[in-house]
Amino acid sequence: MSKTVLKLDHITKRYPGVVALNDVSFELEEGEVHAIVGENGAGKSTLIKCLCGAITPEEGTIEIGGETHAGMTPKLSREHGVEVVYQELNLIDGLTVAENVCFGARYGRLVNFKVMNQKTREVFEQLNVHIDPNKLVLELSTAQQQLVEISKSVSKDVKVLILDEPTAPLTTEDVELLFEIIRGLKKKGVSVVYISHRLDEIFEITDRVTVMRDGQKITTLNTAETSRDELIKYMVGRELKDIYPKRYPKASEPMLELEHVCGNGDTDITLHINKGEIVGLAGLVGAGRTELARMIFGADKMKSGTIRLDGREIKVKTPKDAIRLGIGLVPEDRKRQGALLRFGIDWNIALSHLPDISKGTVVNEKIVEQQAQEYIGKLKIKTPSSDQLVNNLSGGNQQKVVLARTLVNDSKLIIIDEPTRGIDVGARAEIYSLMDDLAREGKAILMISSDMEELIGMSDRIYTLSEGHLTGELSREEYTQEKILALMSEEN
């Protein structure tokens, strides 16, 4: 018989007008990897907060370490070895990697940087992570920061590790490293709660899976005894077939042409995207995908080469130039780079073209409201009002708001970096449908993604990058996962 290390009995948590958790019971066994899945708003995050003591439920009990509690506190949670790696990373940018990993630990009366660096190297060696402990966190990629966050949790005396969308910023190579870390922890008896919208990962790494919907636990299943279609049906309450739209792009003239573009870590990039086409850009961490997107958008400097848009050579020195020319960017990190979380949907959509709807320093608020209502309707943004704070929206709806800000400028070329990071399966289908609609309107889309299934499902063609160099171009008829991975890993 497996030992139960954590047990929730009949947990209920209410907010004004919302029952976030409704009579939820959950058990975690020693050394198991247990997935919790469900659409945004299903109650997964609230359940995590109950476990780590961030919130206290109104009803129910939590049993851990042989003790029963009406609610946890952060201190009590840590004492019982519960560590959480949230989807939104909790690192201090201005500190080094070692200072972040060892944050809160004591090594004598004074700060001992030598000991911290040594401890960090030991953890990294244990986990096979290759990052310089002396590097500032702000200098790391999002994927590297995720690995540091996980290492920080593992460095504690962890007994229950909760991972919230851990692979969202990771490439295929890093995902496999994460899985090796999880398997190693499992052998040591550590229990892992694994929350992810990527169902293929659920079947690869987990032992059991609990499905939640609308604040309720629907079922718990042995992963080996269920299927993808069954999970989706439980999650959304209906069957969700053909998540990827059927793409039949017609031959067309190029919208974007890059010739021998160099800069920002990329070298000699030549590619094109036709009108009405969705082109995928694949690569491992550090391959230069986001760097190329930022160059095209004018956020980073291009050293040499030529960019043509709709047949005309252009010079893009700033994002303002890009927006004026009809180039839009939906960045990888929507919360830190894409949206103003403390502003409403209306002002987020209006932000990039305020001069066009202003007279002097006075903004025409009537137009702001009209445009917000238009795109709330077009993109099916779920919200009670146009002035709803973006911070209060689900991940899928936040992504739609950032996309709306691009569309309101009538962008001809749309660059979308990780379009469905941290977004549930139902919202993914909506985002994919929106992208398909935009392509059918004749817009060109450059899609950067670390999700292999997404790349294959949505791309008409795929370009691969490795170490800042273009390593291949594959048509829909040519590409397979093996070919893409081989090109992504090609050394220069």
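Predicted model, so just to flag it, every value in this text is computed and none were measured.

1. Overview of the overall build of the protein
Then step 1. Within the protein, the secondary structure is distributed over 17 helices and 22 strands.
Then step 2. Relative to the compact-globule value of 23 Å for 492 residues, the protein shows a C-alpha radius of gyration of 23 Å, a close match.
Then step 3. With the C-alpha coordinates aligned to their principal axes, the bounding extent of the protein is approximately 70 × 50 × 50 Å.
Then step 4. The buried share of the protein, taken over its 492 residues, is 54%.
Then step 5. Counting contacts in the protein only where the partners sit at least 6 residues apart, residues at least 24 apart contribute 66% of the total.
Then step 6. Counting only carbon and sulfur atoms, one obtains 48% of the accessible surface of the protein, whose full area is about 22200 Å².
Then step 7. Charged side chains of the protein number 62 positive and 76 negative; the gap between the two group centres comes to 4 Å.

2. Topic: the nonpolar core
Then step 1. One finds Ile182, Tyr194 and Met435 to be the most contacted residues of the largest nonpolar core, which totals 89 residues.
Then step 2. It is helix α15 (residues 425-440) that provides the largest number of residues to this core, a total of eight residues.

3. A few points about a nonpolar patch on the surface
Then step 1. A grouping of Leu340, Phe343 and Leu351 is seen on the molecular surface, where their side chains present a nonpolar patch of about 250 Å² in accessible area.
Then step 2. Structurally, the position occupied by Leu351 is in the loop between α12 (345-350) and β17 (358-359).
Then step 3. Note on Leu351: relative accessible area 37%, which makes it partly exposed.

4. Here's the deal with the confidence of the model for the protein
Close reading of the predicted structure is inappropriate where its pLDDT is low.
Then step 1. Per-residue pLDDT for the protein has a mean of 88; in total, 97% of the residues score no lower than 70.
Then step 2. Per-element confidence in the protein is highest for strand β14 (residues 304-309), whose mean pLDDT is 97, and lowest for helix α11 (residues 334-338), whose mean pLDDT is 74.

5. Here's the deal with the environment of Leu177
Then step 1. Note on placement: Leu177 falls in helix α6 (residues 172-187).
Then step 2. Relative accessible area serves as the criterion here: at 16%, Leu177 is assigned to the buried category.
Then step 3. Expressed as a C-alpha distance, the spacing of Leu177 and Gly280, which sit 103 residues apart in the sequence, is 24 Å.
Then step 4. Not counting residues within four places of it along the chain, the set of residues in contact with Leu177 comprises Leu127, Asn128, Val129 and Leu147.

6. Digging into helix α5 (residues 142-154)
Then step 1. Over its 13 residues, α5 runs 19 Å from end to end, which matches the ideal 18 Å to within 8%, given 1.5 Å per residue.
Then step 2. Judged by how many residues are buried, α5 sits mostly within the fold: 12 of 13 residues are covered.
Then step 3. Taken residue by residue, α5 has Thr142, Ala143, Gln145, Gln146, Leu147, Val148, Glu149, Ile150, Ser151, Lys152, Ser153 and Val154 as its buried positions.
Then step 4. Buried residues in α5 make contact with β6 (82-85), α3 (97-101), α4 (113-127), β7 (160-164), α6 and α11.

7. Side note on the pairing of strand β22 (residues 469-475)
Then step 1. Across six bridges, strand β21 (residues 461-466) lies against β22 in antiparallel orientation. Residue pairing for β22: Thr464 is matched across the bridge by Gly472.
Then step 2. Two successive antiparallel strands, β21 and β22, enclose a turn made up of two residues, where Glu467 displays a positive phi of approximately 50°.

8. Focus on the pattern of salt bridges
Then step 1. If you walk through the whole model with that rule in mind, you get 32 salt bridges.
Then step 2. Note that Asp451 is salt-bridged to Arg428, the shortest N-O span being 3.2 Å. Highlighted residues: Asp451 in the loop between β20 (444-448) and α16 (452-458) and Arg428 in helix α15, separated in sequence by 23 residues.
Then step 3. Beyond isolated ion pairs, a larger network of salt bridges with shared partners links Arg247, Asp436, Arg440, Asp460 and Arg476.

9. Notes on the side chain of Asp266
Then step 1. The residue Asp266 is located in strand β12 (residues 266-274) in this model.
Then step 2. Setting aside its immediate chain neighbours within four residues, Asp266 contacts Val261, Ala287, Gly288, Glu291, Leu292, Met295 and Gly468.

10. Some thoughts on the pairing of strand β4 (residues 59-64)
Then step 1. Judged from the five bridges that link them, strand β1 (residues 4-15) and β4 form a sheet pairing that is antiparallel. Bridge pairing in β4 places Leu8 opposite Ile62.
Then step 2. Bridge count between β4 and strand β5 (residues 67-69): three bridges; the pairing is antiparallel. Directly across from Ile64, in β5, lies its bridge partner Glu67.

11. Concerning the packing of α4 against α5
Then step 1. Closest axis-to-axis distance for the α4/α5 pair is 10 Å, and the angle between their directions is 105°. Put simply, α4 runs roughly perpendicular to α5. Along its contact with α4, which presents Val123, Phe124, Gln126 and Leu127, the element α5 presents Val148, Ser151 and Val154.
Then step 2. When the residues that make up the contact of α4 with α5 are grouped by side-chain class, the tally is five nonpolar, two polar and no charged.

12. Some points on the packing of helix α14 (residues 395-407) against α15
Then step 1. Interaxial distance between α14 and α15 falls to 10 Å at its minimum, and their mutual angle equals 15°. By the criterion of interaxial angle, the relationship of α14 to α15 is roughly parallel. Seen along the crossing, α14 lies across α15 with a hand that is left-handed. Contacts between α14 and α15 pair Gly396, Gln399, Lys400, Leu403 and Leu407 from the former with Ala427, Glu430, Ile431, Leu434 and Leu438 from the latter.
Then step 2. Residue composition of the contact of α14 with α15, grouped by class: six nonpolar, two polar and two charged.

13. Considerations on the sheet that holds β14
Note: strands within a sheet are paired through backbone hydrogen bonds, in either parallel or antiparallel orientation.
Then step 1. Spatially, the four strands line up as an open sheet ordered β12-β11-β14-β15, and their pairing is antiparallel. Sheet topology places β12 and β15 (312-314) at the edges, where each strand pairs with a single neighbour. For this sheet, the mean angle separating the axes of adjacent strands, direction not counted, is 20°.
Then step 2. Two elements, β14 and β15, share three bridges in a ladder whose sense is antiparallel. Counted as the bridge partner of Leu309 is Arg312 from β15.

14. Focus: the sheet that holds strand β19 (residues 413-417)
Then step 1. Strand order across the open sheet formed by six strands is β16-β19-β20-β13-β21-β22, with mixed pairing between neighbours. In this open sheet, the two strands that pair with only one neighbour each are β16 (327-330) and β22. Averaged over all adjacent pairs, the angle separating strand axes in this sheet is 20°, with direction ignored.
Then step 2. Alignment of β19 against β20, held across five bridges, turns out to be parallel. Note that in β20 the partner of Leu413 across the bridge is Ala444.

What counts, and where the lines are drawn
Residues numbered from 1 in each chain as written. Predicted model: local features only at pLDDT ≥ 70, side-chain atom pairs only at ≥ 80, totals over all residues. Heavy atoms only, no water. Helix = DSSP H or I, 4+ residues; strand = E, 2+ residues; numbered from the N terminus. Rg over C-alpha atoms; globule rule 2.2 N^0.38 Å. Buried < 20%, exposed > 50% of the residue type's maximum accessible area, 1.4 Å probe, protein only. Contact = heavy atoms within 4.5 Å. Areas by Shrake-Rupley, 256 points an atom, 1.4 Å probe, with all protein chains shown as cover. Lys, Arg positive; Asp, Glu negative; His and termini not counted. Charge placed at Lys NZ, Arg CZ, Asp CG, Glu CD. Core = buried A, V, L, I, M, F, W, Y, C linked by side-chain atoms within 4.5 Å. Patch = residues over 30% accessible without salt bridge, like charges linked within 9 Å, V, L, I, M, F, W, Y side chains within 5 Å. Salt bridge = Lys/Arg side-chain N within 4 Å of Asp/Glu carboxyl O. pLDDT = per-residue confidence, 0-100. Expected span 1.5 Å × (residues − 1). Pairing = 2+ DSSP bridges. Axes fitted to C-alpha atoms, helices over the stretch in contact; angles between N-to-C directions. Parallel < 35°, antiparallel > 145°, perpendicular 65-115°, else oblique. Nonpolar A, V, L, I, M, F, W, Y, C, P; charged D, E, K, R; others polar. Left-handed = near helix turned anticlockwise from the far one by under 90°.

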